[in-house]
Amino acid sequence: MPDPGIRAFHHADFSARALAQAKGTATVSVCLPARNEAATVGPIVEAIRTSLMADHAVVDEIVVIDDHSTDGTAAIAAAAGARVVDASSVLPDYGEGHGKGEALWKSVFAAEGDVIAWCDADIREFDVGFVTGLLGPLLTCADVDFVKGYYERPDDSGSGRGGRVTELVARPIIAIFFPELGGIVQPLGRVRRAP
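Nothing here was measured: the structure is a model prediction, and the numbers come from that model. Throughout, residues of each chain are indexed from 1 in the direction in which the sequence is written. Restriction of local features to residues with pLDDT of at least 70 applies here, the model being predicted, together with a cutoff of 80 or more for giving and counting side-chain atom pairs; totals for whole chains, interfaces and linings are based on all residues. Note that water and hydrogens are dropped before the side-chain values are worked out from all heavy atoms of the structure.

> Looking at this structure, how should I read the overall build of the protein?
Counting from the N terminus, the helices are the DSSP runs of H or I reaching at least four residues and the strands are the DSSP runs of E reaching at least two. Helix and strand content of the protein: six helices and four strands. The helix and strand sequence of the protein, counted from the amino end, reads α-β-α-β-α-β-α-β-α-α. Each residue's exposure class comes from its accessible area (1.4 Å probe, protein chains only) as a fraction of the maximum for that residue type: buried when under 20%, exposed when over 50%, partly exposed otherwise. Relative to its 195 residues, the protein shows a buried fraction of 42%. Working rule for contacts: check all heavy atoms of both residues, and any pair within 4.5 Å makes them a contact. Expressed as a percentage of contacts within the protein between residues at least 6 apart in sequence, the contacts between residues at least 24 apart total 67%. Note that accessible areas follow from Shrake-Rupley with a 1.4 Å probe, and for residues the cover is restricted to the protein chains shown. On the protein, roughly 10,500 Å² of surface is accessible, and the fraction owed to carbon and sulfur atoms is 57%.

This is the structure we're talking about:
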């Protein structure tokens, strides 16, 4: 559970139909950083393309930022309807590094949308609610500029805040250097893979 002072929303509060109307003239990009995610990226792109592009005009583009994959991730993502961008080709003067952080910041330059939502490309039980939950507050609340997803951790003993790395490393660093971000629930959290 989030701290009492934190604004929290649930993805179920935002229907795709309502978000399509709320976005007005804004354009929305969904970016998926991916490295060797051939097993999961296709169904994720297809779900977003079908539900949030074809059925409801919420998302304008899906961009897969391919981070040096060797398993066919790029071809599968493109076949499912994503625009695939090779991470090493984006701003190469700043390096052709590897890793999720590299793919994330380069996606800002590759995406064309006014609003960007990021989702992982390795989620086995993906639901478009991950995207609508992120976009909902951004498109319907004028005073919201940043949304961070989180999930209930079954081993959490009710805190909902995060695991050991979050509590022992991330939170102390955030408290020292960015205290105004201290209320973000699970700053390192992401949707868990199904076992």
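> Help me understand the sheet that holds strand β2 (residues 61–66) in this model?
By way of backbone hydrogen bonds, the strands of a sheet pair with one another, either parallel or antiparallel. We call two strands paired when DSSP finds no fewer than two bridges between them. Judged by pairing direction, the sheet is parallel, and its four strands sit side by side in the order β3-β2-β1-β4 without closing on themselves. The sheet terminates laterally at β3 (83–86) and β4 (115–118), the two strands that pair on one side only. The sheet shows a mean angle of 25 degrees between the axes of neighbouring strands, direction not considered. Where strand β1 (residues 28–34) and β4 come together, four bridges link them in parallel fashion. Following the sheet pairing, Ser-29 is matched in β4 by Ile-116. Axis geometry follows a simple rule: fit a line to the C-alpha atoms, using only the stretch in contact for helices, then measure angles between N-to-C directions, giving values from 0 to 180 degrees. Sheet strands in contact with helix α5 (residues 129–140) are β1 and β4, and its direction is about 150 degrees off that of β4.

> Even after reading the chapter, I still don't get the nonpolar core, so can you show me in this structure?
Nonpolar side chains tend toward joint burial in soluble globular proteins. We call a set of buried Ala, Val, Leu, Ile, Met, Phe, Trp, Tyr and Cys residues a nonpolar core when their side-chain atoms join them within 4.5 Å. Core analysis: the biggest nonpolar cluster contains 29 residues, and Leu-32, Val-45, Ile-48, Val-59, Val-64, Val-131 and Leu-135 have the highest contact counts within it. Put simply, the parts of the chain that give this core at least two residues each are α1 (16–22), β1, α2 (41–55), β2, α3 (73–80), β4 and α5. The element best represented in this core is α2, accounting for five residues. Not counting residues up to four positions away in its chain, the partners in contact with Val-45 are Leu-32, Ile-62, Val-64, Ala-77, Ala-80, Gly-81 and Ala-82. Membership of the second largest hydrophobic core comes to 10 residues, among which are Ile-65, Val-85, Ala-87 and Ala-110.

> What is the right way to read the environment of Pro-137 from this model?
Its place among the elements puts Pro-137 in helix α5. When the C-alpha positions of Pro-137 and Val-147 are compared, they lie 7.2 Å apart, and in sequence the two are 10 residues distant. If we skip the residues at most four places from it in the chain, Pro-137 touches Phe-9, Phe-14, Val-144 and Val-147.

> Got a minute to help me understand the confidence of the model for the protein in this structure?
The predicted coordinates of low-pLDDT regions are not to be read in fine detail. When the pLDDT values of the protein are averaged, the result is 85; 85% of them are 70 or greater. At the level of individual helices and strands, the protein shows its lowest average pLDDT in helix α6 (residues 164–177), which scores 80, and its highest in α3, which scores 98. Values of pLDDT, the confidence the predictor places in each residue, fall between 0 and 100. Considering only residues more than four positions removed or in separate chains, one finds that residues 190–195, a stretch of pLDDT under 50, has 13 contacts.

> Sorry, what's going on with unusual backbone geometry here?
Note: most peptide bonds trans; most residues except glycine with negative phi. Here Asn-36, not a glycine, exhibits a phi torsion of approximately 55 degrees, which is positive. Note that Asn-36 resides in the loop between β1 and α2. By relative accessible area, Asn-36 is classed as partly exposed at 34%. One non-glycine residue, Leu-91, lies in the positive phi region at around 45 degrees. Within the secondary structure layout, Leu-91 lies in the loop between β3 and α4 (100–110). Looking at Leu-91, the relative accessible area reads 28%, which means it is partly exposed.

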